[in-house]
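Remarks on the overall topology
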Amino acid sequence: MKALHWFTILKKKFTSDGLEDEILYALLNYLVDLELLVHLENDSFRWSGSANDLKGEEQIALIQADLLRVSQTKSGFALPFFIRLETIELPTLESLIETEDKEAKNNITTKPERSSDLSNLQIVKKVGRQLEPFLKAESTIVSRLIGEHTTKADARLLFNYMFGKMGSKAQPRKWEQLSRKRHR
């Protein structure tokens with residue numbers, strides 16, 4: 001079947017509603033890397049495990065079973081963000097980052113620095129420290145998504161969609177009074 005036919009099947013039966021075509025094409029490449037789809041000539045694909053193209057409910061049941069099975073593996077970690085099946089739960093950001101990155105994250109000590117001079121360099125360093133966990137998570141997840149057919153641009157599209165679905169927010173900071181001087 002052509003890629004357009006797979007787009008239709010995935011959109012109607014398996015993927016989330018707000019998935020754009022560009023992200024869906026990146027997902028097709030990811031499915032090829034997971035060896036769920038077999039890429040044939042002329043931009044055609046065949047679902048692996050089916051000798052002939054199955055029709056109707058048999059095909060849907062086979063695809064559902066394979067997606068559920070692969071989503072439980074280490075290589076298929078991103079599938080729960082794109083596939084809507086009742087039995088799949090979304091993993092957290094911390095569970096997606098490998099253990100070595102977790103250890104490196106835990107070893108970072110955050111000391112509050114005294115600052116009275118907000119120079120540009122100081123502001124850039126502070127923002128860099130605040131964005132460091134996100135940048136590490138992005139590089140780790142994008143490198144895990146890149147495959148033979150999934151390019152770096154595809155992996156970044158998939159990561160951005162995944163990150164939007166996580167909905168994780170930073171913990172609110174405790175308010176502290178910086179100055180006792182009253183403004184008139």
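As a reminder, the structure under discussion sits directly above these lines.
Just so you know, these numbers come straight off a predicted model, no measurement behind them.

Rules used throughout
Residues numbered from 1 in each chain as written. Predicted model: local features only at pLDDT ≥ 70, side-chain atom pairs only at ≥ 80, totals over all residues. Heavy atoms only, no water. Pairing = 2+ DSSP bridges. Helix = DSSP H or I, 4+ residues; strand = E, 2+ residues; numbered from the N terminus. Phe/Tyr/Trp six-rings, centres within 6.5 Å; stacked < 30°, edge-to-face > 60°. Buried < 20%, exposed > 50% of the residue type's maximum accessible area, 1.4 Å probe, protein only. Lys NZ or Arg CZ within 6 Å of the ring centre and 35° of its normal. Contact = heavy atoms within 4.5 Å. Core = buried A, V, L, I, M, F, W, Y, C linked by side-chain atoms within 4.5 Å. Axes fitted to C-alpha atoms, helices over the stretch in contact; angles between N-to-C directions. Parallel < 35°, antiparallel > 145°, perpendicular 65-115°, else oblique. Nonpolar A, V, L, I, M, F, W, Y, C, P; charged D, E, K, R; others polar.

1. Overview of the pairing of strand 2 (residues 44-47)
One ladder, built from four bridges, connects strand 1 (residues 37-40) with strand 2; its direction is antiparallel. What sits directly across from histidine 39, in strand 2, is phenylalanine 45. Where strand 1 hands over to strand 2, the hairpin turn is made up of three residues, of which asparagine 42 adopts a positive phi near 60 degrees.

2. A word on the packing of aromatic side chains
With the rule as written, the count across this model stands at four aromatic pairs. Ring centres 5.9 Å apart and planes at 45 degrees place the aromatic pair phenylalanine 134 and phenylalanine 159 in the tilted group. Placement of the pair is phenylalanine 134 in helix 7 (residues 120-145) and phenylalanine 159 in helix 8 (residues 152-166), with a sequence separation of 25 residues. You can call phenylalanine 159 buried: its relative accessible area is 0%. Site record: aromatic cluster; members linked through ring pairs are Phe134, Phe159 and Phe163. The side chain of arginine 144 reaches across the aromatic face of phenylalanine 77, ending 3.9 Å from its centre.

3. Re unusual backbone geometry
For glutamate 35, which is not a glycine, the phi torsion comes out positive at approximately 65 degrees. As for its position among the elements, glutamate 35 is in the loop between helix 2 (21-33) and strand 1. The exposure class of glutamate 35 is exposed, given its relative accessible area of 61%.

4. Focus on the side chain of glutamate 138
The topology assignment puts glutamate 138 in helix 7. Accessibility expressed as a relative area gives 17% for glutamate 138, which makes it buried. Residues contacting glutamate 138, with those up to four places away along its chain left out, are Arg156 and Phe159.

5. Re the nonpolar core
The nonpolar side chains of soluble globular proteins are, as a tendency, buried together. Within the largest apolar cluster, 39 residues are counted, with the highest numbers of intra-cluster contacts made by Leu27, Tyr30, Leu67, Leu79, Phe82 and Leu145. For this core, the secondary-structure elements that each account for two or more residues are helix 1 (3-14), helix 2, strand 2, helix 3 (56-71), helix 4 (79-82), helix 7 and helix 8. It is helix 2 that contributes the most residues to this core, eight residues altogether. Once you skip the residues sitting within four places of it in the chain, leucine 27 turns out to touch Thr15, Leu19, Leu79, Phe82 and Leu158.

6. A closer look at the packing of helix 1 against helix 3
At a minimum axis separation of 12 Å, helix 1 and helix 3 run at an interaxial angle of 75 degrees. As the angle between them shows, helix 1 and helix 3 are arranged roughly perpendicular. Contacts between helix 1 and helix 3 involve Trp6, Ile9, Lys13 and Phe14 from the former and Gln59, Ile60, Ile63, Gln64 and Leu67 from the latter. Split by residue class, the contact of helix 1 with helix 3 holds six nonpolar, two polar and one charged.

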